Structures are given as structure tokens and as C-alpha cells.
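# Reading the structure
The primary structure of each chain is shown beneath.
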Amino acid sequence: MQNKGAILTFAILLSAVCLYQLSFTWKSNQVKKDAIEYAQGDDLKEFQYLDSMKSEVVYNFLGLKKFTYKDVQELEINLGLDLKGGMNVTLQVEVQDIIRAMSNYSDDETFNAALALATKNQQNSTKDFVVLFGEAFEEIDPNAKLASIFNTLELRDQINFNTSNADVLKIIDDQTSAAIGNAFNIIRTRIDRFGVAQPNIQSLQTKGRILVELPGVKDQNRVRNLLQGTANLEFWETYENQEVYQYMLQANEKIKELETLKTDAGVEATADDATAEVSEEGEASEENSLLSELEAGAAEDTTASIDNLAAFKEQFPLFAILNPSTDQTGQLYPGPVVGMSNAKDTSKVNSYLHNPQISSLFPRDMRFVWTAKSVDDAGTFYRLIAIKVTTRDGKAPLDGGVITDARQDYDQFGTNPEVAFQMNAEGAKIWQRMTKENVGKSIAIVLDGYARSFPTVNGEIPGGRSSITGLESIEEAQDLANVLKSGKMPAPARIIQEDIVGPSLGQKAINSGLISFVIAFALVLIYMLFFYSKNAGLAANIALVANMFFIFGILASMGAVLTLPGIAGIVLTIGMSVDANVLIYERVQEEMRAGKGVKLAITDGYKNAYSAIIDGQVTTLLTGIVLALFGSGPIKGFATTLIIGILTSLFSAIFLTRLIFEWQLKKGGRILFASTATEGWLRNMKIKFLEKRKTFYVISGVFILLSIGSFFVRGLNYGIDFKGGRSYIVEFQKDVEVGQVRAALADVFGAAPEVKTSGDDIKITTDYKIDDHSENIDNEVEALLMQGLKDADLIDQSVTLEEFTQHYQQSSQKVGPTISDDIRKDAGIAIGFSLVIIFLYILLRFRDWQYGLGAVAALAHDSLIVLGIFSLLSGVLPFSLEIDQAFIAAILTVLGYSINDTVVVFDRIREYLGLHPKRDREENVDAALNSTLRRTFSTSLSTFVVLLAIFLFGGSTIRGFTFALLVGVVVGTYSSLFIATPIAHDTRSRVAKVVAKRKK
């Protein structure tokens, strides 16, 4: 084998990279294990422990680089919500509300009718809402002028009465885009403050949609309120650091007094104090804490002379976690910053300052807020700002509603970024008074309770037109401008899709996924040893183990999310990766039967198998790419693992096994490629496939007619992905009947919901108020669900809503009508696009459109029959056969598997036609089909056995998904032999007859 050294080097380097990446997962699990042992079942203590470890060094890689727990978390394999529990939410920023605000809530009939029509049209369109609004406005009144509606005080610099509708729409689009961007930043900031490990927040392709994934969260009501709450922008006067310091000293003394009393009373230290001192070795440590900064000389004041850190903490309990704002000589800095604290200590500082005995020491009009932005890039240290309450009702003197415009600009020299903003008349008066009374002081701009900026006032500002200078970058100026602009551009976000998985259900998924993985893996290893002897079977198994290692290592290096369908994708890859080895081994045996020596047979066997391997795997790879492009969430996870698995299995099967055989040949050992029991299995078969094709056409036709008839009579059981609605999986603590649950909920929901068993639990699906977008509607529906079950005495009467969602409600899912329309559309595009690219690939590879037609006809045949079986058996089998996103993934995978099998057959037909050009074409085709039977049997059987293991042991959540794959493997194997090839042959024959007649 050429380039053997390069391949070996690549394999070693890839293994080293995978081992390095997986080491972070191992180290992270160690820290989590320590947290569980420390907490002893207390969730709060476990969270506090892990939170305190974020900035601690937990991994020193070969002494070359140190990683904190936060770093390790970011580099470990991410578990999806279906494995870890948590929430997956899609938010829609209500663009129509932004447009209404831009018009100053105009009551123009044409304007409001256009908004209503655009909102209606959006449900069945992928166009941007602003475009739909423009089309609707034109449709209702072609002569109406948008400028007359949007020529407001705030937009007068951009719009006048002569501005065209197209230009007004462009301005609206720019303004809405800025508001959506600001909404994204606000949500990201809120989530960062929520304390969720590995959150995923991203803007989706559809404008205004934001995806938020929050692993491990348990309080979904709090998350809903957090995500859907409107931004609260405020302007506050501030205290100077010099004014506050004396009160901080008094607070420190009071805290010391209280801590002494607690110690004397024998009260244990709080979890915060305990966890803050746990190091990697379990000993006391202050690494990366504020005290280490002080000790290193970052603030050389009176504390520098104190050698004993414990003594310092005892003497200055407040200043030990809140570093006073002083310079190196101990002089207080000017401005409103009163101190700086480590992120892990901010909650402790808050608990001190909110203690009634301590807060009473401060003036009544003094409050404290943390900065939204950390001092350092690592996000470790935050500053504390003292603000002044000057109103009787305790509210900010100015809020975001007074802002009419804000933009990023430059100073008079055109070099330094600044933010220019304008206030309305009412705000301008208050702003003039505030700036007049606070010259030389700061005014804090606070968003959602965190200070985004605290610029110094240089002089009285009349007219409400102001600028904020001293910003570090253009990006900071743009962010601040968007924050200010949000006061005028309300962009409320509403939940249009939601998935919630409880931690117990996630643990069940992990257990079932691991069980199915281990069983499937073991079965394939045993099968390869049995069918291909200990030599070739062992080489294939080594390659298979290496393949699994590579898959997980690459997943970790990519930061990909591992989901339950992702595990299914890996397990399916196990079965399909066998195909490459089977193709090689069968070709090697053919070469050996032709009289060649083992070494030459191996060389020629590998060479002759490449074409079929590449063609088969590329078509499956194309299917995986389509899934990745059009899928979302778990489906994208399935596609990711499938794509990675195909690539790594090619490398492992082709190159690693070849290296093993080269090593065995060098040692002079005997290499066997078949066991005694399987040596003659399906050899020298002489089945007349084409002769019996009409029989199989009839069989397939009957199944297709039954399927189509079932579509009309029984229909398909669409999941909420495709029809919209809410579904809940509820675990009852006693045996309940489906009918009882349905009857119990019929009254509260106004109509009986769909109720069915889901494993050991009950799945409840309803479309009750699915079109209602009010902020608390999801909580309301859950409360009704709980109340209905209570009224029927199916759950404990004393349970609260929080207890119900955490202990009874194992998972929930919500899909709005707009989302379900998009999912249906994307599913259709994905299937259609898959068929087109598969046809084009086969046309390119075989230079014969009849092959492409036969392949696509077989795929359509497979899809119809799988759909028909789902229609016929829905409600008959004891598990869900819903048509949802997972089913679409299964269909596309079946297409990929089926085309893989078909292409291998086509490749052998092409080879036989080239080897025996004078032999009858029908005879060549039959001979080619017979020669592939051993390969077809081995690949199909191994894949079927793997899928059967997932079906039996993989858990109820993916049972329908794996059932579709099981049916698809059987139908796909049948169609590649009895449908695809005969159709290609018949089409070619008819074309040849037509051409012959024309020549005559």
C-alpha cells in the first residue's frame, strides 16, 4: 500500500486530537461527581459548588496550559436536552408591534388593515414581515402613502411627505432589524445572568426568530417570564464613591459582628463560603479570587500587611469579597463605582447588602446595581454601582420611553466612537434638570437591573439631544445605541415553539441510549467475527472501535450537541460502516477464488471495491447533508453524527484494516476472509431476477395501493410538529386509564385532548389556545392541565404548579401554527431536494438517466410503503407512529440507505457489462444481482440487528423513529433488488425499441 507512513501518521495524530478533546469531558465529569458528593442530593448546594468552581483551575494539561472549570465545560461533549433535561425555546420578535410603535400607534385604517393582512399572510409565507406589510398596504390601497403615517417627530430626519413607499419600507426594515438585534442582545444578557451551563442562543434564518437552548433548567415558568419580559431601560442619578465608602465601613463592621455571633452560636458556614475555598485537590485555595489579586499587589492598601488571609476575612468580611474602588495608595477613585467583586461572590455581596440589619445603615435613597459588562475578558470580575433614588415612588426619573432616536456616531474629530441620542419634549425637560444638578457626576443607564453605562455629565444639556463619549470601541457604541433605541422600539419576544424535558426523563434517555448502543455494538462485533473469521473479522472490529473513538472525539472538537437521535445516528453508523468492510472482503474472496495469492488478492480486492464504496457512501452522505441543512434541534444532531460517522467509517474501513492486513502479511501469518460456516453461504446463486420482475411489480403495486387507500381512509397521525399544538408527557404515581385522563381534561380544555400511552407515561396533546400569544398563556395551560387532573383525583390535591411541572410533567412541547407550517414546508423541500441530488449524482456517475430513474422510482416506492405502514398501523401498535420531524429524518435516512444498496448493485451491473460485452444484457444483470447477494445479506442483516437493538432498548421516545428505520431497511433492500434494477432495465429496453423503430 502506497503512503502507508502518511496514513499511519494521520491515524496517530487524529487519535491524539480525539483523546485531547475527550479529556475535557472526563475532567468535567470528575468535577460534577465531586459536586454531587458534596451536595448529598441538595440541588442548590450542587449548583453553588459548580458555580464557585467556574474560575478555578481544574485541569493542567501536561503542565503546558491550565484550564478553569468554565473552560473545561465549553470544550466537553455537549448533551442535548433530551439527554440532559432542560428547555429549547424558539422566540419570535413581534415585528408588527415595532412597526406600530414607529407610527406612534397610528389609527389609520389602511395601515392597521395592512398589518392585520400581513400577520395573516405570514402564517403561510417565508417572506420577511416588512415585505408582507408593504405588499398588503399596496393591495389594500395602491394610492396610499406610507410617508403620511411614518412622518413622525422621531423619524422626521429620515422621512418627509415626498418619501416614496419603497424608501419608507427600507427605513422600517432598518429600524426593525436594529430592534431585533437589540432584543437578541437583551435575551443573551439575561441568559448569561441566569447561570445556565452551556446555553445556546442564536438568531435563526427567519428574521426575528431566536433559538434559546437551556440545558438543565428546572423552573420553566421563570425562564418564560425572563425571555418574554419587555426590556426595562432606566436613567438614574448616582452617588460618588467618596460618599458611599463610610457606609461600607459601617456595613463591614456590622457584618463582622453578625458573623461573630453566628460562629459563637456554632452555626456552620454557608455553602457559598464552603465551596469558594475548594480547590482541585480539595484543599483550601484562593486562586483566581479577589484576595489573590490583593495579595499579588493589585490593590496595595492596608490589607497588604496582613499575611493571614483567614484573619483578613474575619476582620474584613465585606471587603474580602468586594474590593473597594481605590488606587494603589489607598485613595478612593471618583465616580459611582464603589467596589469590584468576583462573579462567584456577587450573590454573597447581595445577601449582605439586602440584609435588613445592614441595609438600614445606608441612606434610604441609595441602591446598588452591578455592571452588565465584566471588567476582564474572562467575565470574572464585575463592578458595583451606587445609584440615587430621587422620586417619591422609587422609580427612575427617566425610562426608555422618552428616547426617540439613538445611533452610533463619532466625535468632532471623527476618530472616537460615541452614541448620539434624542429625547422627546417631556424627557428633555427632566434630562436638562438631571444634567444641571449632576455636572461632574455620573448618570447610570440601567437595563434589566444591570448598569450598561455610567457616563460623566460635562454640563447642562437642554433640548434632549445628547451624546455619550469615552467608549472603548465601535461595537460598544453600537450595542449602547441599540439599548437606548429599545426604549422607543418595543420588540417583545413571544414563545412560538417550546420543548421541555425533565431531568428524570433525560436520565432515562441516557440509560436507554447507552444500553442500546452497547448491545448493538456487541452484536455487530460478534457477527463480524462469526461471518468473516477471526482474521478479517478482528480487523473489521478494530476499525469499528477506532471509528467510534473518532466519532466522539470529533463531536467534542466541533462542540456538537449529542442528542438521543444523535446516538441513534451513531448506532446506525455502526451497522452501515460494516458495509465498506463487507464490500472489500467479498471482493478479496472473489480475487482469491480467481487463483490470485493473498497479497495480490488483497490489493486488487481493495482497488475493485473502491468504486462501490464511494458511490454508496456519497449518496448517504448527501442525504445527511440535506438533513443538516433543513433539520433543526435533534434532527440536526442526528445528521451531524451520521455525516461524521460516514467519513470516519470510510477512513477506518479502507485504511486502518489495510494497515492491519499489511502488518499480518509482514509477519507471515495466514489470513482468512470467511469462516467455515459461512464460506458457501449465498454463493453461486442463479436467481432469475428479471424473469420474475412482473411478479414483484404486482406485489409492490398492491402495497402501494393499500398505502394510498389508507391515506384516504385512515389518514396520517401528524405530530404537533406538523399541525401545531401542545403536548405533555405526564408520569402518574398510580395506574390510570387513557379514557380517565381524556375525560378529566375535556371540561377544562373545552374539548377532549388526544391522550395516548408513551412507554410507562401518558402523552397528552391539545391545541387549546395555541393561537394565543399572551405572555402567561403557557403557564395558564399548564395550570388548567394540573387542575383537570386534580379534579379527577388522578394526582395529589396538594401539589403546586411548580411541583407538578417538576415531578409529574416529564416533558412538554409547544409548536405554534407558523412554526408548524415552516416545518412542513422544510420537510417537503428536504425530501424533494434529496431525490433531485440523488438522481443527479447517479446520472453523473453512471452517465445513464435510466439508472437515475430506477433509483428514484425505488425511493418513491420505499417512501410510500413506509408511510402506508405508519398509516395502517397507527393506533394499533403500542407506541406512537406520529409523522413528525423525527419521522422525516427516518425517511431521509431510509432513502440514503436504500440508494446506498441500489448504487452498489448498479456498480456491479456496470462492471459485468464491461467484462462480458457479448453476453446477453439480461443475463449480465441477473449475474450481477446474484453476485451481490452475500454483501446485501450481510449489510442488511447487521443494520437490521443494530436497529432492532435500538428499537427494543432505546426507549419509548425514539421507538417510532427506529420502527420507520426497521421497515425502511427491509423495504429498501427489497426495492434495490426487485424494483430499481428491473425499472432501469425495462426503461432502457423500451428506449432501445423506440430508437430502433425510428431508424427503420
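What counts, and at which threshold
- Residues numbered from 1 in each chain as written.
- Predicted model: local features only at pLDDT ≥ 70, side-chain atom pairs only at ≥ 80, totals over all residues.
- Heavy atoms only, no water.
- Axes fitted to C-alpha atoms, helices over the stretch in contact; angles between N-to-C directions.
- Helix = DSSP H or I, 4+ residues; strand = E, 2+ residues; numbered from the N terminus.
- Parallel < 35°, antiparallel > 145°, perpendicular 65-115°, else oblique.
- Left-handed = near helix turned anticlockwise from the far one by under 90°.
- Contact = heavy atoms within 4.5 Å.
- Nonpolar A, V, L, I, M, F, W, Y, C, P; charged D, E, K, R; others polar.
- Expected span 1.5 Å × (residues − 1).
- Buried < 20%, exposed > 50% of the residue type's maximum accessible area, 1.4 Å probe, protein only.
- Arc of directions from axis to C-beta.
- Patch = residues over 30% accessible without salt bridge, like charges linked within 9 Å, V, L, I, M, F, W, Y side chains within 5 Å.
- Areas by Shrake-Rupley, 256 points an atom, 1.4 Å probe, with all protein chains shown as cover.
- Salt bridge = Lys/Arg side-chain N within 4 Å of Asp/Glu carboxyl O.
- Core = buried A, V, L, I, M, F, W, Y, C linked by side-chain atoms within 4.5 Å.

## As for the packing of helix H6 (residues 109–122) against helix H7 (residues 129–140)
For any two helices packed against each other, the geometry is given by the interaxial angle and the distance between the axes. Close contact between H6 and H7 brings their axes to 8 Å; oriented N to C, the two are set at 125°. Classified by the interaxial angle, the pair formed by H6 and H7 is oblique. Read as a crossing pair, H6 and H7 show a hand that is right-handed. For the pair H6 and H7, the contacting residues are Thr110, Phe111, Ala113, Ala114, Leu115, Leu117, Ala118, Thr119, Asn121 and Gln122 in the first and Phe129, Leu132, Phe133, Ala136, Phe137, Glu139 and Ile140 in the second. Partitioned by chemical class, the residues of the contact of H6 with H7 number twelve nonpolar, four polar and one charged.

## Observations regarding helix H17 (residues 425–437)
In this model, H17 (13 residues) spans 19 Å end to end at C-alpha, consistent with the 18 Å of a helix rising 1.5 Å per residue. Every buried residue belonging to H17 is among Gly427, Ala428, Trp431, Met434 and Thr435, and all of these are buried. Seen along its axis, H17 keeps its buried residues to an arc of 130°; they face one direction. Along H17, the residues that are exposed and aim more than 90 degrees away from the buried face are Ala425, Glu426, Lys429 and Lys436. On its buried side, H17 packs onto strand E7 (233–238), strand E12 (398–399), strand E14 (417–423), strand E15 (443–447) and strand E17 (465–468).

## What to know about unusual backbone geometry
The backbone of Asn104 sits at a positive phi, close to 55°, despite the residue not being glycine. On the secondary structure map, Asn104 appears in the loop between helix H5 (95–102) and H6. Look at Lys769: it is not a glycine, yet its phi comes out positive at around 50°. By the secondary structure assignment, Lys769 is in the loop between strand E22 (761–766) and helix H26 (777–791).

## Observations concerning a nonpolar patch on the surface
A surface patch of nonpolar side chains, about 330 Å² in accessible area, is lined by Ile515, Leu948, Leu952 and Phe953. No other element matches helix H32 (residues 933–953), which puts three residues into the nonpolar patch. Among the secondary structure elements, Phe953 is positioned in helix H32.

## Re the pattern of salt bridges
With the rule as written, the count across this model stands at 25 salt bridges. For the salt bridge of Lys596 with Asp604, the shortest nitrogen-to-oxygen distance reads 2.7 Å. Residue Lys596 is classed as partly exposed on the basis of its relative accessible area, which comes to 31%. For Asp604, a relative accessible area of 10% puts it in the buried group. For Arg693, the salt bridge is made with Asp986, and the minimal N-O distance between the two is 2.8 Å. One end of the pair, Arg693, is in helix H23 (residues 693–713); the other, Asp986, is in helix H33 (residues 959–999), and 293 residues separate them in sequence. Within this structure, Arg587, Glu590, Arg908 and Glu911 form a network of salt bridges that share partners.

## A short note on the environment of Lys373
Relative to the elements of secondary structure, Lys373 occurs in the loop between strand E10 (366–370) and strand E11 (381–388). The sequence separation of Lys373 and Arg452 amounts to 79 residues, and the corresponding C-alpha distance is 7.0 Å. Setting aside chain neighbours within four positions, we find Lys373 in contact with Tyr382, Glu472 and Glu476.

## Side note on the nonpolar core
By size, the foremost hydrophobic cluster in this structure holds 112 residues, and its most contacted members are Tyr585 and Phe661. Look past the residues within four positions of Tyr585 in its chain and what remains in contact with it is Met528, Tyr532, Ala536, Ala539, Ala540, Thr657, Phe661 and Phe673. Core analysis: the second largest hydrophobic core is formed by 44 residues, Phe129, Ile149, Ile172 and Ala183 among them.

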